[in-house]
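Examination of the molecular architecture
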Amino acid sequence: MTTQEVRLCGLLLQEHFGGVVEKVGTHLIRSGALTLRAIVQETNMSLDLVKKSLCVLVQHGMCVFGAGRRGPGWPVEYCVCVERVLYMLRYPRYIYTAKSLYGDTGELIVEEILQRGQMTMSCAVKTVADRLTQNMEDGCSMDYSEVVSAFSNLVETHFLQRCPLVAEQGSAPPPTTSTLETAPPPPAITCPPTPESNPDCYRLPQINLRGRGKRRRSSEDGEDQRGGKKPKLDNGQPVGDEDIYWQVNFARFHLHFRDQGIISAVACKLDQTSSEIVRTMLRMSEVTTQPSAAHTQPLSANEIFRALPPSYSIGRPILDQYLTLLVDDPMEFVGKSGDSGGGMYVVNLHRALANLARATLESVVQERFGSRSARIFRLLLRKRHLEQKQVEDFAMIPAKEAKDMLYTLLSENLVQLQEIPKTPDHAPSRTFYLYTVTQLPTARMLLQRCYKTVSNLIERRLFETKENKRHLEKSQRIEAILASLQTTGAEPTQLQEVEEMITAPERQQLEALRNHINKLDSSENQVDESIFLLESYIKSAGTTR
Amino acid sequence: MTGRGRGRGRGQLSFNMEVVGIGKGENLPPSTLQPTPLFPPMEHKPVPLVVGEEAEYMLALKQEFRAAMKTLPFYIKPAAPKKDVERYSDKYQCGETENPSEWDPDWRRLPKELRSRRKRLLKEKNTAPSKQIAQPKVNKEEIIRKLETLEKKEDVHSSDEEEGEKKNPEEEEPEGEEEYDEEEFEEETDYIMSYFDNGEEFAGDSDDNMDEAIY
């Protein structure tokens, strides 16, 4: 856990769960696996608050618990998963993807499950139906069956999965005794059960769920559906899936994002038709390709031709030409692995990710240091090791400026110096000094810079909000007054009077504040795209080596 | 001898500068003697943000999600700081914003030790009166104290509750603590309460016999 990761995790936990959970969470991240007593002692917080925070973290899948290092007889240890906390930054992207694939219903299902961490299917369906009914016109309501079908679609395409099973805690001991896990050996904390280890991971439960969404009237606030986790049973009968909790399958969303990235890169580099061909190839190999595979299964040109969408009716020879173009492209998105069936083609996933990461690095250098420094950077990436003189010659940049740029890049650690001694005594006059760029370590460094960037953006946003807290509160109060006046039917003059309570300069200030906060939020979303790309590249490079 | 080499070589570097490209006698930029400024001037301005429907929608999603999380019971606020004295205005200030409905996790999926003792306390309060009746667990001190404080106590039940609560060391309820404090103060002293003489009787007595000397 690097400093920047810990800092970012702390800020994300604070924004979503409050300062208490943040304190417990960051302490666990820093210290590794700890028992409950150790956490209470080291954070100087009350036992009750620590227990609640741990419950919240486990509920959202960010904390795992299991028998500690000492074995099953000893107290339970808790461990926070840093990756999972960092996914919180990407929640809007997950929700947006669900919306684009499965419409508003899918969007709300994913949003509810992300907010609650885990939910049973019946609870999710009821909550979403109520929310949809709220937004529909008076008299209409959403049927449960529609929501159930959207839910089933999400599960069939593996975007939702069952939560991993929890080991039995033994027959109910009285609360005063220590938690002895006497049952079948519980998983050690280092290898918690993966969701995939359950063969029923993607099986929908057979439940009998009929009904329509309820509209929540403003007078009833006892019906608050957002708080309770257990479904409000109409007739007191259990629905039949009390034990089966569903969570979002982040890995599947990430595969989807990766595919989207490759397709849009092809569309930018070549043209729309080539991107459609690549999209078809990826769609066909969705189920046959492992998540960490370096390339998809080989597909013959005949198959691709048959599977192309009808709106892109191109002739067979044209398809062959496009495929040849794709194979010859230096970005190496598509490779040819054989000649049977009109040519066997694969999509090179890892190589595509590496190229996308390389493009990101080059673009960073270009935007920060100028296009000539970017030229030097690209040169070094391609030629690996070059001497000072060679850099000047190949890049066609005057010596003095080339030197300056190289030293700037060197000071930023984007370029490294490699010494190759000619003699065993490493004498400086008899040593080659070569400049080099290594892609993977540079990508790692840039990823840490991205985390730092997002942390800074969040802190700045919190600072801006705090500075203008008084204004924001005032405007919220006035909005509340206006809303209540409108519902009770007040005259326009009264409404005007209330509106005038905010003076014009204050209004301007509020407008500027809103603008700033929107910009900062947007920037976070955009930096997250780079984070995703670099993370995927680093992960893929880790598996291929 | 040893010092000579060190002093001599201070102006020289360990490697030949020409190889790296700095010629002899060339003007190098002056070395910086202070940390870089906090907001250094940027020669290349950053590229403007991506705008579009998708970006705006994701922005709205993000802000709504954040607002929604603040209202859910997963957002744990730190315990309110203890005030020295309860004030009348507290009722009308921020004290009304209680936690939204506490969520009830599925305890089968969590380790048993995380289960808070709330249920036990409720059970204690309900069974305490019955405990008093059903189980006359004779505690002699308790009986003596009860008899002595019977005049001062308005509610015998609350004292029994405190006995039960005292056995529960992990009690966190603020109400319970306040009552507990009072009880501790009144019951754990060594002095028998009836011995305390608050002086009223003394003054009353002396008024009657004015001719006796007061020592």
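In this numbering scheme, every chain counts its residues from 1 along its sequence in written order. In the order they appear in the text, chains get letters beginning with A and ligands get numbers beginning with 1. Whole-chain, interface and lining totals are the exception, using all residues; otherwise, since this is a predicted model, local features are given only for residues with pLDDT of at least 70 and side-chain atom pairs are given and counted only at 80 or more. No hydrogens and no water enter the side-chain calculation; it runs on all heavy atoms of the structure.

Here we look at the overall build of chain B
Heads up, the condition is: Helix and strand assignments come from DSSP, with helices taken as H or I runs of at least 4 residues and strands as E runs of at least 2, each series counted from the N terminus. With a 1.4 Å probe rolled over the protein chains alone, any residue whose accessible area is under 20% of its type maximum counts as buried; one over 50% counts as exposed, and the rest are partly exposed. Under the convention used here, a 1.4 Å probe and the Shrake-Rupley method define accessible areas, while residue burial counts only the protein chains that appear.
Scanning chain B for helices and strands turns up eight helices and zero strands. Listed by position from the N terminus, the elements making up chain B come as α-α-α-α-α-α-α-α. Among the 215 residues that make up chain B, the fraction classed as buried is 18%. Carbon and sulfur atoms make up 55% of the accessible area of chain B, which amounts to about 18,200 Å² in all.

Quick look at the overall build of chain A
The criterion, for reference: The contact rule is simple, with two residues in contact once any of their heavy atoms fall within 4.5 Å.
Counting secondary structure elements, chain A contains 20 helices and 12 strands. In chain A, which comprises 545 residues, the proportion classed as buried is 49%. Considering only residue pairs separated by 6 or more positions, chain A has 67% of its internal contacts joining residues 24 or more positions apart. For chain A, the exposed surface amounts to about 27,300 Å²; the carbon and sulfur share of it is 52%.

Brief notes about the pattern of salt bridges
Defined as follows: Salt bridges are defined as contacts in which a side-chain nitrogen from Lys or Arg sits within 4 Å of a carboxyl oxygen from Asp or Glu.
Inspection of the entire model under this criterion finds 29 salt bridges over all chains. A salt bridge links A:Lys99 to A:Asp104; the shortest N-O distance between them is 2.8 Å. Taking relative accessible area as the criterion, A:Lys99 reaches 25% and is therefore assigned partly exposed. According to the relative accessible area criterion, A:Asp104 is partly exposed, its value standing at 43%. What emerges from the salt-bridge pattern is a single network uniting A:Glu15, A:Arg461, A:Asp521, A:Glu524, B:Lys62 and B:Arg66.

A word on the nonpolar core
Considering soluble globular proteins, one finds that nonpolar side chains tend to be buried as a cluster. Stated precisely, the cut-off is as follows: Only buried residues count toward a nonpolar core, which is a set of Ala, Val, Leu, Ile, Met, Phe, Trp, Tyr and Cys residues joined through side-chain atoms within 4.5 Å.
The biggest cluster of nonpolar side chains holds 120 residues, and the ones touching the most others in it are A:Phe17, A:Leu54, A:Tyr78, A:Ile109, A:Leu114, A:Phe151 and A:Leu380. Excluding residues that lie within four positions of it along the chain, A:Leu54 makes contacts with A:Val24, A:Leu28, A:Leu36, A:Ile39, A:Cys63, A:Tyr78 and B:Leu114. Counting 26 residues, the second-largest nonpolar core is a separate cluster that includes A:Leu282, A:Leu299, A:Ile304 and A:Ile314.

Some remarks on unusual backbone geometry
Residues and elements named next belong to chain A. The phi dihedral of His158 is positive, around 70 degrees, even though this residue is not glycine. Along the chain, His158 falls in the loop between helix H8 (144-156) and strand E5 (160-162). The class for His158 is partly exposed, based on a relative accessible area of 32%. The phi dihedral of Asn413 falls on the positive side, at around 70 degrees, and the residue is not glycine. Relative to the assigned elements, Asn413 resides in the loop between helix H16 (399-411) and strand E11 (416-421).

Looking at a nonpolar patch on the surface
Definition in use: For patches, a residue must show more than 30% relative accessible area and have no salt bridge; joins then use 9 Å for like charges and 5 Å for nonpolar side chains, namely Val, Leu, Ile, Met, Phe, Trp and Tyr.
Taken together, the side chains of B:Ile143, B:Leu147 and B:Leu150 define a hydrophobic patch exposed on the protein surface, amounting to about 290 Å² of accessible area. Considering the arrangement of structural elements, one finds B:Ile143 in helix H5 (residues 140-149).

Observations concerning the sheet that holds strand E6 (residues 245-248) of chain A
All names here are of chain A. Note the threshold: Strand pairing requires that DSSP identify at least two bridges connecting the strands. Lines fitted to C-alpha atoms define the axes, with helix axes restricted to the stretch in contact, and inter-axis angles between N-to-C directions lie between 0 and 180 degrees.
Taken together, three strands build an open sheet; the order of strands is E4-E6-E5 and the sheet is antiparallel. The strands lining the two open edges of the sheet, one partner per strand, are strand E4 (119-120) and E5. Across three bridges, E5 lies against E6 in antiparallel orientation. The partner of Arg162 across the bridge, within E6, is Trp246. Seen against the sheet, helix H6 (residues 91-116) touches E4, E5 and E6 and runs at an angle of roughly 100 degrees to E6.

Regarding the interface of chain A and chain B
Accessible area lost when the parts come together is the quantity often used to give the size of an interface. Our working definition: Two parts placed together each lose some accessible area under a 1.4 Å probe, and adding up what both lose gives the buried area. Under the rule applied, a polar contact is a pair of N or O atoms within 3.5 Å (in protein, one hydrogen donor and one hydrogen acceptor; residues adjacent in sequence only if both atoms are side-chain atoms). Polarity classes work like this: nonpolar for Ala, Val, Leu, Ile, Met, Phe, Trp, Tyr, Cys and Pro, charged for Asp, Glu, Lys and Arg, and polar for all others, with Gly in that last group.
With 74 residues of chain A in contact, the opposing surface of chain B contributes 50 residues. Roughly 5,900 Å² of surface becomes buried between chain A and chain B when both sides are summed, with 61% attributable to carbon and sulfur atoms. Here chain A and chain B share two salt bridges between them. Put simply, A:Asp521 and B:Arg66 hold a salt bridge, and the shortest N to O gap is 3.2 Å. Viewed at the interface, chain B and chain A are joined by 12 residue pairs in polar contact (both at pLDDT 80 or more). Of the residues that constitute the side of chain A that touches chain B, the class distribution is 30 nonpolar, 23 polar and 21 charged.

What about the UniProt feature "domain: RNA polymerase III subunit RPC82-related helix-turn-helix" (unreviewed entry) in chain A?
As a reminder of what qualifies: UniProt positions are given in the numbering used here, feature names are shortened, and annotations may be inferred rather than shown by experiment.
The sites that UniProt annotates as "domain: RNA polymerase III subunit RPC82-related helix-turn-helix" (unreviewed entry) are residues 8-66 of chain A. The span residues 8-66 of chain A is 75% helix and 10% strand, and its two end C-alpha atoms sit 26 Å from each other.

Topic: a negative patch on the surface
This is how it is decided: His is not counted, nor are the chain ends; Lys and Arg add positive charge and Asp and Glu add negative charge. Note on charges: their place is set at NZ of Lys, CZ of Arg, CG of Asp or CD of Glu.
Negative charge collects at one region of the surface, where A:Glu529, B:Glu53, B:Glu54 and B:Glu56 lie side by side. Considering each element in turn, the negative patch owes the most residues, three residues, to helix H3 (residues 53-71) of chain B. Its location among the elements puts B:Glu53 in helix H3.

What to know about the sheet that holds strand E1 (residues 34-35) of chain A
Residue and element names in this part refer to chain A. Spatial ordering of the open sheet is given by E1-E3-E2, a layout of three strands whose pairing is antiparallel. Both outer strands of the open sheet, E1 and strand E2 (63-67), are each paired with one neighbouring strand and no more. With five bridges connecting them, E2 and strand E3 (residues 76-80) associate as antiparallel partners. In the sheet register, Gly66 faces E3, and the bridge partner there is Glu77.

Points about the packing of aromatic side chains
To keep things clear, this is the line we draw: Within 6.5 Å between ring centres, the rings of Phe, Tyr and Trp (the latter by its six-membered ring) count as paired, and their orientation is classed by plane angle as stacked under 30 degrees, edge-to-face over 60, tilted in between. Think of it as a cone above the ring: NZ of Lys or CZ of Arg counts as a charge over the ring if it is within 6 Å of the ring centre and within 35 degrees of the ring normal.
Evaluation of the coordinates by the stated rule reveals 14 aromatic pairs over all chains. With 5.7 Å between their ring centres and 10 degrees between their planes, A:Tyr94 and A:Phe257 make a pair best called stacked. Of this pair, A:Tyr94 sits in helix H6 while A:Phe257 sits in helix H9 (residues 250-269), and the two are 163 residues apart along the sequence. We note that A:Tyr94, like A:Phe257, is buried. Ring geometry for A:Phe151 versus A:Trp246: centroids 5.7 Å apart, planes at 90 degrees, classification edge-to-face. Placement of A:Phe151 in helix H8 and of A:Trp246 in strand E6 is noted, with a sequence separation of 95 residues between them. Taken as a pair, A:Phe151 and A:Trp246 share a single burial class, namely buried. Three or more aromatic residues link up through ring pairs in this structure, and these residues are A:Tyr87, A:Tyr91, A:Tyr94, A:Tyr102, A:Phe159, A:Phe250, A:Phe253, A:Phe257, A:Phe532 and B:Phe65. Over the ring of A:Phe394 we find A:Lys383; its NZ or CZ atom is 4.7 Å from the centre of that ring.

What about the confidence of the model for chain A?
Residue and element names in this part refer to chain A. Defined as follows: For every residue, the predictor reports its confidence as pLDDT, a number between 0 and 100.
Overall, the prediction assigns chain A a mean pLDDT of 85, with 90% of residues at 70 or greater. Across chain A, the element-wise mean pLDDT spans from 78 in helix H19 (residues 492-499) up to 95 in helix H17 (residues 439-467). With pLDDT under 50 throughout, residues 168-188 is counted as low confidence; its partners more than four residues away or in other chains account for 26 contacts. Segment residues 219-236: pLDDT under 50, and 33 contacts once partners within four positions in sequence are set aside and those in other chains are kept.

Structural notes on the packing of helix H2 (residues 19-31) of chain A against helix H4 (residues 47-59) of chain A
Between two packed helices, what matters for the description is the angle formed by their axes and the separation of those axes. All names here are of chain A. Filter applied, for reference: Should an angle lie under 35 degrees it is considered roughly parallel, over 145 roughly antiparallel, and from 65 to 115 roughly perpendicular; all remaining angles are considered oblique.
In the contact formed by H2 and H4, the axes pass within 9 Å of each other and the chain directions differ by 75 degrees. One finds that H2 runs roughly perpendicular with respect to H4. On H4, the residues touching Val20, Val21, Val24, Gly25 and Leu28 of H2 are Leu49, Val50, Ser53, Leu54 and Leu57. Of the residues that constitute the contact of H2 with H4, the class distribution is eight nonpolar, two polar and no charged.

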